[in-house]
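# Examining the three-dimensional arrangement
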Amino acid sequence: MSALPAAVDDGDFVLSQRDFELIAGIAREQAGIVIRAHKMAMIRGRLLRRLRALQMRSVAEYCELLRGPDVHRELPQLLNVLTTNHTAFFRERHHFDHLRSQAMPEIVQRAQKGDQRVRIWCAASSTGEEPYTIAGTVIAAQPPKSIDLKILATDIDTDVLARAEAAEYSREVYERSPADMKPLLQVEPAGGDMVRIGANLRRLLTFRQLNLIQPWPMKGPFDAIFCRNVMIYFDGPTKKSIVDRCVDMLRPGGWLYLGHSESLSPPHPSFELIGRTVYRRR
Ligand SMILES: C[S@@+](CC[C@H](N)C(=O)[O-])C[C@H]1O[C@@H](n2cnc3c(N)ncnc32)[C@H](O)[C@@H]1O
């Protein structure tokens, strides 16, 4: 194993071991995000963005702010730069194939026998590609007009939420979607090289800030929860507690979609594995 750097340096922007530990401690305590020492250079790079915005000249100066009485004012911005927001339309496509052909017909049938309500939660929605993919997929499943369908999209990061709500993407990002799936997003030109997600999809969505390690204000129940590629950043007990809380948020028979490297191991007594990282509440 190689020795860990005592500090990462770039001219004036030195991230000392002590300051790294402060930042990593805040990430863990405030967001559940575990940042290991080999990520020090990456963290330093991200902090530089924040330092520039604040016109600060050193990481040490920024960390003084974090050690001071006004830390709570800076925390949301710090968390915004610490989160990893990588996402894509139709990422892990098999989940959307499952939602469209297996889950939605059953969900709609259940709703039609009862209160007509269908609720889906996208629990780490990042810049919006995932919840708009969900919206396009459920519309493609052609639920009857009587169904009251809503999708809640949440994330801890206020910057990505604002971008998601704007619903505008570069054509390049959009073009990376699988060719047969692109029409589902119903995009319209948005000026320059941008496209806007269709109004039919946008009206299904509500965006809210939500920190998964804090109490969840929603009552549920949800028919499906997408909690993908976020628990990889958490430790085992945090992941377990979130999965336990998903049980309470889901209807019996509801679906939980996890990211490709987030399988439930050991198996959870309340979930049956029914496909590639697709779980069903017993
Ligand atoms: C890698 S992205 C995954 C986006 C999307 N779910 C996907 O699979 O494409 C991880 C997202 O989780 C969010 N996140 C990290 N910690 C969080 C927390 N404690 N509560 C809510 N969201 C969190 C980040 O802001 C980021 O947008």
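What this report covers is the structure whose coordinates are included nearby. (Residues numbered from 1 in each chain as written. Predicted model: local features only at pLDDT ≥ 70, side-chain atom pairs only at ≥ 80, totals over all residues. Heavy atoms only, no water.)

As a further point, take the overall build of the protein. Looking only at helices and strands, the protein features 10 helices and 12 strands. Compactness check: the protein gives a C-alpha radius of gyration of 20 Å against a globular reference of 19 Å for 282 residues, within 12% of the reference. Reported as C-alpha extents along the three principal axes, the dimensions of the protein are approximately 60 × 50 × 40 Å. Relative to its full complement of 282 residues, the protein shows a buried share of 48%. Summed over its atoms, the accessible surface of the protein is roughly 13900 Å², and 51% of this surface lies on carbon and sulfur atoms. Computed over 39 positive and 33 negative side-chain charges, the separation of the two mean positions in the protein equals 6 Å. (Helix = DSSP H or I, 4+ residues; strand = E, 2+ residues; numbered from the N terminus. Rg over C-alpha atoms; globule rule 2.2 N^0.38 Å. Buried < 20%, exposed > 50% of the residue type's maximum accessible area, 1.4 Å probe, protein only. Areas by Shrake-Rupley, 256 points an atom, 1.4 Å probe, with all protein chains shown as cover. Lys, Arg positive; Asp, Glu negative; His and termini not counted. Charge placed at Lys NZ, Arg CZ, Asp CG, Glu CD.)

In this structure, Ala 123 sits in the loop between β3 (117-122) and α6 (129-140). Distance in space between the C-alpha atoms of Ala 123 and Asp 155 is 6.4 Å, their sequence separation being 32 residues. Excluding anything up to four places from it in sequence, Ala 123 contacts Thr 154, Leu 212, Phe 226 and Cys 227. (Contact = heavy atoms within 4.5 Å.)

What the rule picks out here adds up to 23 salt bridges. In this structure, Arg 251 and Asp 115 form a salt bridge, with 4.0 Å as the shortest nitrogen-oxygen distance. Of the two residues, Arg 251 sits in strand β10 (residues 250-258) while Asp 115 sits in the loop between α5 (94-113) and β3, which places them 136 residues apart along the sequence. Its relative accessible area of 17% is what places Arg 251 among the buried residues. Three or more residues joined by partner-sharing salt bridges are found here, namely Arg 110, Asp 115, Arg 117, Asp 223 and Arg 251. (Salt bridge = Lys/Arg side-chain N within 4 Å of Asp/Glu carboxyl O.)

Glancing now at the packing of helix α3 (residues 59-67) against helix α4 (residues 71-82). Two quantities define a packed helix pair, namely the angle between the axes and the distance from one axis to the other. Taken N-terminus to C-terminus, the directions of α3 and α4 make an angle of 120 degrees; their axes are 8 Å apart at the nearest point. As the angle between them shows, α3 and α4 are arranged oblique. Residues Tyr 62, Leu 65 and Leu 66 of α3 pack against Val 71, Glu 74 and Leu 78 of α4. For the contact of α3 with α4, the per-class residue count stands at five nonpolar, no polar and one charged. (Axes fitted to C-alpha atoms, helices over the stretch in contact; angles between N-to-C directions. Parallel < 35°, antiparallel > 145°, perpendicular 65-115°, else oblique. Nonpolar A, V, L, I, M, F, W, Y, C, P; charged D, E, K, R; others polar.)

Among the 22 residues in the neighbourhood of the ligand, the closest are listed as Thr 87, Ala 124, Glu 130, Asp 155 and Asn 229. Within the contact set of the ligand, a nitrogen atom lies 2.8 Å away from a backbone nitrogen or oxygen of Ala 31. Contact distances for the ligand include 2.6 Å between an oxygen atom and a side-chain N or O atom of Asp 155. Relative to its free-state accessible area of 600 Å², the ligand is covered by the protein chains to the extent of 99%. Mapping the ligand onto the cavity grids shows that it belongs to the largest pocket. Residues of the shell around the ligand, tallied by class, amount to nine nonpolar, eight polar and five charged. (Near = heavy atom within 4 Å. Polar contact = N/O pair within 3.5 Å; in protein donor to acceptor, adjacent residues only side chain to side chain. 1 Å grid on protein atoms, 1.4 Å probe; cavity = no way out; pocket = protein on both sides within 12 Å on 5 of 7 lines; lining within 4 Å. Sits in = over half its atoms within 2 Å of the grid points.)

Right, let's get into the nonpolar core. In this structure, Leu 78, Trp 121, Leu 212, Trp 216, Ile 225, Cys 227 and Leu 256 are the most contacted members of the largest nonpolar core, which totals 51 residues. Of all the secondary-structure elements, those providing two or more residues to this core are α1 (17-31), α2 (40-54), α3, α4, β9 (222-227), α10 (236-249) and β10. Per element, the largest residue contribution to this core is six residues, and it comes from α1. Split by domain, the residues of this core number at least three in each of domain 1 (7-82) and domain 2 (94-281). Among residues more than four places away in sequence, those in contact with Cys 227 are Ala 123, Leu 212, Ile 242, Leu 256, Tyr 257, Leu 258, Gly 259 and Glu 262. If you look at the next biggest cluster of nonpolar residues, it comprises 39 residues, including Val 108, Ile 151, Ala 153 and Leu 205. (Core = buried A, V, L, I, M, F, W, Y, C linked by side-chain atoms within 4.5 Å. Domains from an automatic or database assignment.)

Judged by pairing direction, the sheet is mixed, and its seven strands sit side by side in the order β8-β4-β3-β9-β10-β12-β11 without closing on themselves. Both outer strands of the open sheet, β8 (205-209) and β11 (271-275), are each paired with one neighbouring strand and no more. Taken over all neighbouring pairs, the strand axes of this sheet differ in orientation by 20 degrees on average, direction set aside. Pairing of β10 with strand β12 (residues 278-281), which is carried by three bridges, proceeds in the antiparallel orientation. Residue Trp 255 lies in a different strand from β12, and its bridge partner there is Arg 280. Against the sheet, α10 contacts β3, β9, β10, β11 and β12, and its axis sits at roughly 140 degrees relative to β10. (Pairing = 2+ DSSP bridges.)

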